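Structural characterization, general
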Amino acid sequence: MSILVTGGTGYIGSHTCIALMEAGYDVVIADNYYNSKPVVLERIRELAGKEPVFYNCDIRDRAGLDKIFTEQKIDSVIHFAGLKAVGESCHMPLQYFDNNVSGTVVLLEVMAAHGVRRIVFSSSATVYGSENESPLVEDMHIGSVSNPYGRTKVMIEEILNDLYASDDRWSICKLRYFNPIGAHKSGRIGEDPNGIPNNLMPYISRVAVGKLEQLTIFGNDYDTPDGTCVRDYIHVLDLARGHINAVQKTLADTGLFTYNLGTGHGYSVLEVVNAFIKVTGQNVPYRIGPRREGDLACVYSDASRAKAELGWEAQYGIEDMCADAWRWQSRNPDGYDG
Ligand code: NAD
Ligand code: UFG
């Protein structure tokens, strides 16, 4: 079976490509290297012992996608390609709607034209917005999101709902990721954000490796046990494995499916920092700063549907996530540029 992975050289995509090849799938990647680098492809090849087929292709490029579906026999698609920075999306909303929403529409049109109607889509816990209380359950009403990035995810979910309503031959898996962190056990691939990281774990790792001076914890006056925000961190290897189960679902059944991919457990920012210090033995200087605009106090999943219907559940705990993030960062202090 052959799987087209859009965004396959990105953080989650690269881990998923390896998991797919290890599970015996043939992998075809479409990525425009907007937020990734060619060296990732070499590392995927090194770790999987196999060569994925690669197309340097923007998903908005209809002719480019058409060429892929003409040249390759694609059985199902995992669609990671997209822009993902919440803050940036507030400054350049049109680029986000164009890349994420228009790009997905082009992809779906080309798929339909080639009779490929199986897709796994990277959605986000952000679609639950601010009105739903954790644990978050897939059937909750979604949409009260506060930024253009989150709105692209809600809009794409709605497009997929409408597509399935129009043609029930489709098999569509919407996966709502919680907070992916960690890296491959080899320390050869991991998360490599450009510039100063926005997200917690890359920031902690860069402080530990000496690239940044100290972490600022955004607020300790939330209504949580230690006052810092609580999130459902999930190891990227667990997430990657979840995509294998989701692809199998698309190959086995038609239908419209939505799954949370989280652990079902929340950790506070302080708990993550302390776990990192404990596991790695590194110093992580931090200070308490003001709250970050838009942050919610507590976000974690109800992960029971993925377990019941996909037979998937997370296996790694917070200490593995910290140890593996550190192995990647310490062996690649300059990320993929090293
Ligand atoms: P990433 O930026 O590392 O990977 C995305 C990949 O898509 C990159 O390699 C980039 O070059 C590529 N890409 C972007 N636009 C493209 C286009 N128009 N055509 C072709 N390729 C394009 O991001 P990631 O963390 O691996 O996230 C993957 C997906 O998961 C994204 O859709 C993201 O919104 C979603 N997601 C991520 C998180 C997270 O915290 N990392 C959480 C929830 C959902
Ligand atoms: N945090 C800090 N200091 C930092 C960075 C983060 O204290 O330097 C805190 C944040 O305030 C938050 C927690 O660490 O409480 C996690 O923050 P992240 O930025 O790592 O993750 P978020 O939960 O804010 O956002 C992530 C993704 C979004 C996605 C969302 C879904 O980055 O793309 O999860 O819930 F939409």
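Further up the page is the structure itself.
My aim in this report is to walk through the structure given alongside it, one point at a time. All residue numbers refer to position in the chain's written sequence, counted from 1. Whichever chain is written first is A, and whichever ligand is written first is 1; the rest continue in order. Only residues with pLDDT of 70 or above have their local features reported here, since the model is predicted, and side-chain atom pairs are shown and tallied only from 80 upward, although totals for entire chains, interfaces and linings are computed over all residues. Side-chain metrics rest on all non-hydrogen atoms present in the structure, leaving aside hydrogens and water.

Re the overall build of the protein chain
- Each helix and strand counted, the protein chain has 11 helices and 14 strands in total.
- Here the globule rule is a power law, 2.2 Å times the number of residues to the power 0.38, and the radius of gyration is based on C-alpha atoms. For the protein chain, whose C-alpha radius of gyration is 19 Å, the value lies close to the compact-globule estimate of 20 Å for 338 residues.
- Its C-alpha atoms give the protein chain principal-axis dimensions of roughly 55 × 45 × 40 Å.
- Here the protein chain holds 338 residues, and the buried ones make up 55% of them.
- In what follows, residue pairs with any heavy atoms lying within 4.5 Å of each other are defined as contacts. Counting only contacts in the protein chain whose residues sit at least 6 apart along the sequence, the fraction spanning at least 24 positions is 80%.
- Taken as a whole, the protein chain presents about 14,200 Å² of accessible surface, with 47% of it coming from carbon and sulfur.
- If you average the places of the 31 positive and of the 43 negative side-chain charges in the protein chain, the two averages end up 4 Å apart. Going along the chain from the N terminus, every DSSP run of H or I of four or more residues is numbered as a helix, and every run of E of two or more is numbered as a strand. Buried residues are those whose accessible area, probed at 1.4 Å on protein chains only, stays under 20% of the maximum for their type, while exposed residues exceed 50% and partly exposed ones sit between those limits. The protein chains shown are the only cover counted for residues, whose accessible areas, like all others here, come from Shrake-Rupley with a 1.4 Å probe. The convention is simple: Lys and Arg are positive, Asp and Glu are negative, and His and the chain ends are not counted. Every charge is mapped to an atom, namely NZ of Lys, CZ of Arg, CG of Asp or CD of Glu.

Focus on the site of ligand 1
- Residues are counted as near a molecule or strand when any one of their heavy atoms sits within 4 Å of it. Around ligand 1 sit 27 residues in total, of which D31, N35, F80, K84 and Y149 are the nearest.
- Distance and chemistry together define a polar contact, namely a pair of N or O atoms within 3.5 Å, with one atom able to donate a hydrogen and the other to accept it when in protein, and with adjacent residues in sequence counting only for side-chain atoms on both sides. Between F80 and ligand 1, the recorded distance is 2.8 Å, taken from a backbone N or O atom to an oxygen atom.
- In the environment of ligand 1, an oxygen atom lies 2.8 Å from a nitrogen or oxygen atom belonging to the side chain of K84.
- For the shell around ligand 1, the secondary structure elements donating two or more residues are α1 (11-22), β5 (118-124) and α6 (148-166).
- Per-element tally for the shell around ligand 1: the top contributor is β5, with 3 residues.
- Grouping the amino acids of the shell around ligand 1 by side-chain chemistry returns 12 nonpolar, 11 polar and 4 charged. Charged residues are taken to be Asp, Glu, Lys and Arg, nonpolar residues to be Ala, Val, Leu, Ile, Met, Phe, Trp, Tyr, Cys and Pro, and polar residues to be all remaining types, Gly included.

Observations regarding the pattern of salt bridges
- Each salt bridge in this description consists of a side-chain nitrogen of Lys or Arg and a carboxyl oxygen of Asp or Glu lying within 4 Å of one another. Summed over the entire model, instances satisfying the criterion amount to 26 salt bridges.
- Its salt-bridge partner being R241, residue D238 comes within 2.7 Å of it at the nearest N-O pair. Taken as a pair, D238 and R241 lie in helix α8 (residues 236-252) at a separation of 3 residues, close to a single helical turn.
- Residue D238 is classed as buried on the basis of its relative accessible area, which comes to 0%.
- Here D295 makes a salt bridge to R292, at a shortest N to O gap of 3.2 Å.
- What makes R292 partly exposed here is its relative accessible area of 35%.
- Through salt bridges that share partners, K37, D192, R206 and D337 make up one connected network.

Notes on the pairing of strand β3 (residues 53-56)
- In this scheme, strands are said to pair when DSSP sees at least two bridges between them. By the bridge criterion, 4 bridges tie strand β2 (residues 26-31) to β3 in an arrangement that is parallel. Residue pairing for β3: A30 is matched across the bridge by Y55.
- When the strands point away from the viewer and the connection leading from the first strand across the helix to the second strand turns clockwise, the crossover is called right-handed. This β-α-β element, β2 to helix α2 (residues 38-48) to β3, shows right-handed connectivity.

Quick notes on α2
- Of all the residues in α2, the buried ones are V39, V40, L41, R43, I44 and A48.
- In this fold, the buried residues of α2 make contact with α1, β2, β3 and α11 (318-331).
- Once α2 finishes, G49 follows within two positions and takes phi at roughly 70°, a positive value.

A few points about the sheet that holds strand β4 (residues 76-79)
- The strand order across the open sheet built from 7 strands is β3-β2-β1-β4-β5-β6-β11, with neighbouring strands paired in parallel fashion. The sheet terminates laterally at β3 and β11 (255-261), the two strands that pair on one side only. With direction set aside, neighbouring strand axes in the sheet form an average angle of 20°.
- Relative to β2, strand β1 (residues 2-6) runs parallel, the two being bridged by 5 bridges. Opposite L4, over in β2, you have V28 as the bridge partner.
- Here the axes come from fitting lines to C-alpha atoms, over the contacting stretch only for helices, and the angles between their N-to-C directions go from 0 to 180 degrees. Each of β1, β2, β4 and β6 (171-177) touches α1; the most contacted strand, β2, lies at about 165° to it.

Looking at the site of ligand 2
- Inspection of the region around ligand 2 gives 20 residues, with N199, L200, T216, R231 and D295 positioned closest.
- Interatomic distance of 2.9 Å between a side-chain N/O atom of N179 and an oxygen atom of ligand 2.
- At a separation of 2.7 Å, an oxygen atom of ligand 2 approaches a polar side-chain atom of R231.
- Relative to its unbound accessible area of 690 Å², ligand 2 is 88% covered by the protein chains.
- Those elements that provide at least two residues to the shell around ligand 2 are α7 (200-208) and β8 (215-218).

A few points about the layout of surface pockets
- Put plainly, a pocket is an open set of points on a 1 Å grid over the protein atoms alone with protein on both sides within 12 Å along at least five of seven lines, a cavity is a set where a 1.4 Å probe fits but cannot get out, and a lining residue has an atom within 4 Å of a point. Grid points are joined across faces, edges and corners, and a volume is the space filled by probe spheres set on the points. Of the volumes computed, that of the second largest pocket is approximately 210 Å³.
- Taken together, 13 residues line the second largest pocket, and the ones lying closest to its centre are A19, E22, L237, A240 and R241.
- Secondary-structure elements contributing two or more residues to the lining of the second largest pocket are α1 and α8.
- For the lining of the second largest pocket, the leading source of residues is α8, giving 5 residues.
- Residues belonging to the lining of the second largest pocket are distributed by class as follows: 6 nonpolar, 3 polar and 4 charged.

Focus on the state of the cysteines
- Here, the term disulfide refers to a pair of cysteine sulfur atoms separated by no more than 2.5 Å. Counted according to the given criterion, the structure contains 0 disulfides.
- The thiol of C57 is unpaired, and the distance to the nearest cysteine sulfur, on C17, comes to 15 Å.
- Under the relative-accessibility criterion, C57 is labelled buried at 5%.

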